[in-house]
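Observations on the three-dimensional arrangement
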Amino acid sequence: RPRSGLRSYRSAQHTPQNRKPFEPSLSKPRTFFYRPKWKHGHSTSAGHTELDQPAQDSPILLFDSGVGGLTVLGELRDLLPQAPVIYAADMAGLPYGAKSEAEIAARVAGLLGRMAERYQPRLICIACNTASTIALGMVRDVLETPIVGTVPAIKPAAKMTRTGVIGLLGTEATMRQAYVDELEREFVGDCTLLRYGANNLVALGEAKLRGESVDVDDVARAAAGLVLQNHGERLDTVILACTHFPLLEDELRQAFGEGVAFIHGAEGIARRIVSLTDGQDFARSAPDFAVGTGELADFQRLAPAFARYGIDDLRAF
Ligand code: DGL
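In this report, the structure presented in the accompanying data block is examined. (Residues numbered from 1 in each chain as written. Predicted model: local features only at pLDDT ≥ 70, side-chain atom pairs only at ≥ 80, totals over all residues. Heavy atoms only, no water.)

Before going further, it helps to spend a moment on the overall build of the protein chain. Along its length, the protein chain carries 13 helices and ten strands. Taken over 317 residues, the protein chain has a buried fraction of 48%. In the protein chain, once contacts between residues fewer than 6 apart in sequence are set aside, the share between residues at least 24 apart is 74%. Total accessible area on the protein chain stands at roughly 15,900 Å², and carbon and sulfur atoms take up 49% of it. (Helix = DSSP H or I, 4+ residues; strand = E, 2+ residues; numbered from the N terminus. Buried < 20%, exposed > 50% of the residue type's maximum accessible area, 1.4 Å probe, protein only. Contact = heavy atoms within 4.5 Å. Areas by Shrake-Rupley, 256 points an atom, 1.4 Å probe, with all protein chains shown as cover.)

The following block contains the structure:
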């Protein structure tokens, strides 16, 4: 016998007056499940209205699957040392680069929704190319919090190259995104863009920040697929399109040798955060902290690395 709740649900759905023609809904949702709580009654020297002002201690939330976002945090500390920061790492989901689009989108949107409600950030930075190229649009649709994403630095690389051959190094998931195809179509022009998904570099970056020694040969092997392509020998500019990769910049320089320049988006992302928070007041009411999904003991092995970025408190999310 069906339970009464189920039966009444069924009968409500099937009465003729409730039956509606099927309408696919791909438009932006009209209601949001999260609205930031702005503080009222304050105006700023930059001429912003009081409605623009978040609470002074409202943090900037930096999100990545692991420690890659620390490359963005480093730049942000230089530009906005007074900004309270929460660093969020989806350690239980790492690595994103080997996952499907659906899994990444669901994890990122779900986690950021919960984090936005819990921490009331003034701005969220998805400091992860993989999550940004897949889920940025979806997250912007459901959250009203301003979101800064991470975009492969294809445009500046096309201006830098002298040989006309540019390498794009990211995760496998990032390499296959339409977002990257669009950037290539728009900015690469007459140059040649070689792509390579180097998932193993993510694990090497994480290991380095846990204090393990990282062998240049392992880094070279993980990235070799980029140069072993047609025109690879003429490569002179490599875009690090994964926030983990600048953590290995010294090893990558040695692996690629002289004559290859590297470019990544961390500084540009930090500048974007500065411009979007222009005129806002910042004041810490408590020390910055980091949250990680998964086992806290594993996350805490990264404590010395976080301490170098001014974060001494690592918690489970
Ligand atoms: N840091 C992430 C990025 O920028 C990827 C790491 C991962 O594969 O989880 O793409």
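Moving on, we come to the site of the ligand. What surrounds the ligand is a group of 14 residues, the closest being Ser65, Tyr96, Asn129, Thr130 and His244. In this structure, Thr243 approaches the ligand through a main-chain N or O atom, which is 2.8 Å from an oxygen atom. With the chains in place, 100% of the 300 Å² that the ligand exposes on its own is no longer accessible. Counting atoms within 2 Å of the grid points, the majority share of the ligand lands in the second largest cavity. For the shell around the ligand, the residue count by class is six nonpolar, seven polar and one charged. (Near = heavy atom within 4 Å. Polar contact = N/O pair within 3.5 Å; in protein donor to acceptor, adjacent residues only side chain to side chain. 1 Å grid on protein atoms, 1.4 Å probe; cavity = no way out; pocket = protein on both sides within 12 Å on 5 of 7 lines; lining within 4 Å. Sits in = over half its atoms within 2 Å of the grid points. Nonpolar A, V, L, I, M, F, W, Y, C, P; charged D, E, K, R; others polar.)

This brings us to empty space enclosed by the protein. Taken as a whole and judged by the stated rule, the model has three cavities of 30 Å³ or more. Empty space within the largest cavity amounts to approximately 90 Å³. Taken together, 17 residues line the largest cavity, and the ones lying closest to its centre are Asn129, Thr150, Leu240, His264 and Gly265. Residue assignment for the lining of the largest cavity shows that the elements contributing at least two residues are helix H2 (70-79), strand S7 (237-240) and helix H11 (266-276). In this structure, the second largest cavity spans a volume of roughly 60 Å³. Forming the walls of the second largest cavity are Asp64, Ser65, Pro95, Tyr96, Gly97, Cys128, Thr130, Thr171, Val202, Cys242, Thr243 and His244. Classifying every residue of the lining of the second largest cavity gives five nonpolar, six polar and one charged. (Points joined across faces, edges and corners; volume = space filled by probe spheres on them.)

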